Amino acid sequence: MHKKYNAKIAGMGHYHPSKILNNYDLEKIVDTTDEWIRTRTGMFERRIAADDEASSDLALKASEMALQNAGIRAKDIDLIIVGTVTPDHAFPATGCILQHKLGIKNNCPAFDLSAGCTGFIYASDIARQYIENGVYKNILVVAVEILTRIVNWKDRNTCVLFGDAAGAAVISRAERSDISHFFDSVIFSDGAYGDLLIQQAGGSKYPASKSTVRKNQHTIYMEGNKIFKLAIKSMAGACEVVMKRNNLDIKDVDWLIPHQANLRIIEGVGKKLKMDKEKVIINIEKYGNTSASTIPCALSEAVEINQIRRGDMVMTVAFGAGLTSGSMIFRY
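What comes next concerns the included structure. Predicted, not measured: the structure shown is a model, and the values here were computed from it.

1. Structural notes on the packing of helix 7 (residues 224–245) against helix 8 (residues 263–273)
Here comes step 1: Here helix 7 crosses helix 8 at 40°, and the two axes come no closer than 9 Å. By the criterion of interaxial angle, the relationship of helix 7 to helix 8 is oblique. Both helix 7 and helix 8 take part in a crossing whose hand is right-handed. Contacts from Phe228, Ala231, Ile232, Met235, Ala236, Cys239, Glu240 and Met243 of helix 7 reach helix 8 at Arg264, Ile265, Gly268, Val269, Lys272 and Leu273.
Here comes step 2: Classifying every residue of the contact of helix 7 with helix 8 gives 10 nonpolar, one polar and three charged.

2. Here's the deal with the side chain of Thr32
Here comes step 1: As for its placement among the helices and strands, Thr32 is situated in the loop between helix 1 (23–27) and helix 2 (34–41).
Here comes step 2: According to the relative accessible area criterion, Thr32 is buried, its value standing at 7%.
Here comes step 3: Leaving out residues up to four positions away in the same chain, Thr32 has contacts with Leu26, Glu27, Ile37 and Val160.

3. So, the packing of aromatic side chains
Here comes step 1: Counted according to the given criterion, the structure contains three aromatic pairs.
Here comes step 2: Measuring from centroid to centroid gives 5.1 Å for Tyr130 and Tyr136, while their planes differ by 50°, and the two rings are tilted.
Here comes step 3: Above the plane of the ring of Trp36 lies Arg156, whose end atom (NZ or CZ) is 5.2 Å from the centre.
Here comes step 4: We note Arg310 situated over the ring of Tyr332; from NZ or CZ to the ring centre the distance is 3.9 Å.

4. Quick word on the environment of Leu79
Here comes step 1: Structurally, the position occupied by Leu79 is in strand 4 (residues 79–83).
Here comes step 2: Among the residues examined, Leu79 registers a relative accessible area of 2% and is labelled buried.
Here comes step 3: In this structure, the C-alpha to C-alpha distance between Leu79 and Leu273, residues 194 residues apart in sequence, is 35 Å.
Here comes step 4: Setting aside chain neighbours within four positions, we find Leu79 in contact with Cys108, Pro109, Phe111, Tyr130, Tyr136, Asn138, Ile139 and Leu140.

5. Side note on the nonpolar core
Here comes step 1: Residues Met243, Leu256, Leu273 and Met315 are the most contacted members of the largest nonpolar core, which totals 44 residues.
Here comes step 2: Those elements that provide at least two residues to this core are helix 7, helix 8 and strand 12 (313–320).
Here comes step 3: A total of nine residues in this core trace back to one element, the largest contributor, which is helix 7.
Here comes step 4: Beyond its immediate chain neighbours, meaning those up to four positions away, Met315 contacts Cys239, Val242, Met243, Ile250, Val253, Trp255, Leu256, Ile257, Leu273, Ser327, Met328 and Ile329.
Here comes step 5: Membership of the second largest hydrophobic core comes to 34 residues, among which are Leu79, Ile81, Leu113 and Ala143.

6. Section: unusual backbone geometry
Here comes step 1: Between Phe91 and the following residue, Pro92, the backbone shows a cis peptide bond with an omega angle of 5°.
Here comes step 2: Here Pro92 shows up in the loop between strand 4 and helix 4 (94–101).
Here comes step 3: Between Gly322 and Leu323 the backbone carries a cis peptide bond, its omega angle lying at -5°.
Here comes step 4: In this fold, Leu323 is placed in the loop between strand 12 and strand 13 (324–331).
Here comes step 5: Despite not being glycine, Lys274 shows a phi value in the positive range, around 60°.
Here comes step 6: Position of Lys274 relative to the elements: it lies in the loop between helix 8 and helix 9 (284–287).
Here comes step 7: Of the residues examined, Lys274 reaches a relative accessible area of 70% and is grouped as exposed.

7. Points about the side chain of Asn289
Here comes step 1: Mapped onto the elements, Asn289 comes out in the loop between helix 9 and helix 10 (294–304).
Here comes step 2: Here the side chain of Asn289 touches Ser291 through a polar contact of 2.7 Å, landing on its backbone nitrogen.
Here comes step 3: Filtering out sequence-adjacent residues up to four positions away, Asn289 remains in contact with Met43, Cys117, Leu147, Leu161, Phe162, Gly163, His259, Gln260, Ala261 and Thr294.

Rules used throughout
- Sequence positions are assigned chain by chain, starting from 1 and proceeding in written order.
- Residue-level local features of this predicted model are given only where pLDDT is at least 70; pairs of side-chain atoms are given and counted only at 80 or more, and the full residue set underlies all totals for whole chains, interfaces and linings.
- Note that water and hydrogens are dropped before the side-chain values are worked out from all heavy atoms of the structure.
- To define axes, lines are fitted to C-alpha atoms, for helices over the stretch in contact only, and angles between the resulting N-to-C directions are given on a 0 to 180 degree scale.
- Counting from the N terminus, the helices are DSSP H or I runs at least four residues long and the strands are E runs at least two residues long.
- For classification purposes, angles smaller than 35 degrees are called roughly parallel, those larger than 145 roughly antiparallel, those between 65 and 115 roughly perpendicular, and all remaining angles oblique.
- The handedness criterion is simple: a crossing whose near helix is rotated anticlockwise from the far helix by less than a right angle is left-handed, and one whose near helix is rotated clockwise is right-handed.
- The criterion used for residue contact is that any of the two residues' heavy atoms lie within 4.5 Å.
- Charged means Asp, Glu, Lys or Arg here, nonpolar means Ala, Val, Leu, Ile, Met, Phe, Trp, Tyr, Cys or Pro, and polar covers whatever is left, Gly included.
- A 1.4 Å probe rolled over the protein chains alone gives each residue an accessible area, and that area as a share of the maximum for its type sets the label: buried under 20%, exposed over 50%, partly exposed in between.
- Stacked, tilted and edge-to-face pairs are distinguished by plane angle, under 30 degrees for stacked and over 60 for edge-to-face with tilted covering the rest, among Phe, Tyr and Trp rings (Trp via its six-membered ring) whose centres lie within 6.5 Å.
- For a lysine, the NZ atom is tested; for an arginine, the CZ atom; a charge sits over a ring if that atom is within 6 Å of the ring centre and within 35 degrees of the ring normal.
- Only buried Ala, Val, Leu, Ile, Met, Phe, Trp, Tyr and Cys residues count toward a nonpolar core, and they belong to the same one when joined by side-chain atoms within 4.5 Å.
- Polar contacts, as counted here, are pairs of nitrogen or oxygen atoms within 3.5 Å of one another; within protein the pair requires one atom able to donate a hydrogen and one able to accept it, and residues that are adjacent in sequence qualify only if both atoms are side-chain atoms.

So, in structure tokens, the structure goes:
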């Protein structure tokens, strides 16, 4: 495909709620221990949204930071894409609610997409192509989750994993003088494994009822052991595809930002790719698995502390419900 323009990440933002739930707190709620959680997941703390915070509220704070860092005003946004599996409502889209909260009145389109933990990569893949084809100049991509509202607090295997957060990126048209630009991105899915990670009730197949509530079917169901191997294989595979397509080697990559699902998965992907451990961005100990928002939050924090700088080559990769996967490479 011939590109009219290059797309770049103009600015990043993130927001983590203030309330902290650590492993010792979880010991009081469910039959688990700090050692058990750390050994199997690498997690210690996770953030919990306040009772009066919805996904659009978290998204707003991350978006305002991204806009400020990009040096553009909300009214300059041409499109809003929100990756989430925990929207404010089934409808309207959280993207539309966010548009209103940002005070954008230019009728820019806004929509949500559901790709689980791969949501940010899916949304960024769509956004960069709109930019590269000259349709839009500035797109706000947000990944937000309040997963603690849909976890089964009686299931010790899953309730310890998840936290709440929002990450945002302004993806814009790059000028010829810009060092920053996207190289490529790839996205995949395999619906045959959809039942391994699912919120069974609340949709058209199993509408809300006393029975679905009683059976905890509105909470996250996950077959972790089966997902573990699939995650490592598909994440490493997505990275290899996008590197090969662009004649790049792992040595060309300055930083790898994997989805923060599980420390052992992250280590498995790094090992498979032969990536230097010092170049893998990991923050899972502080935030747990915040699904689609793990990658933009990790990128935003790394930029904020000057760990990732303009011109660095970054590769991101994720795996999530669907089952989906994807990877993207860009010069920040």
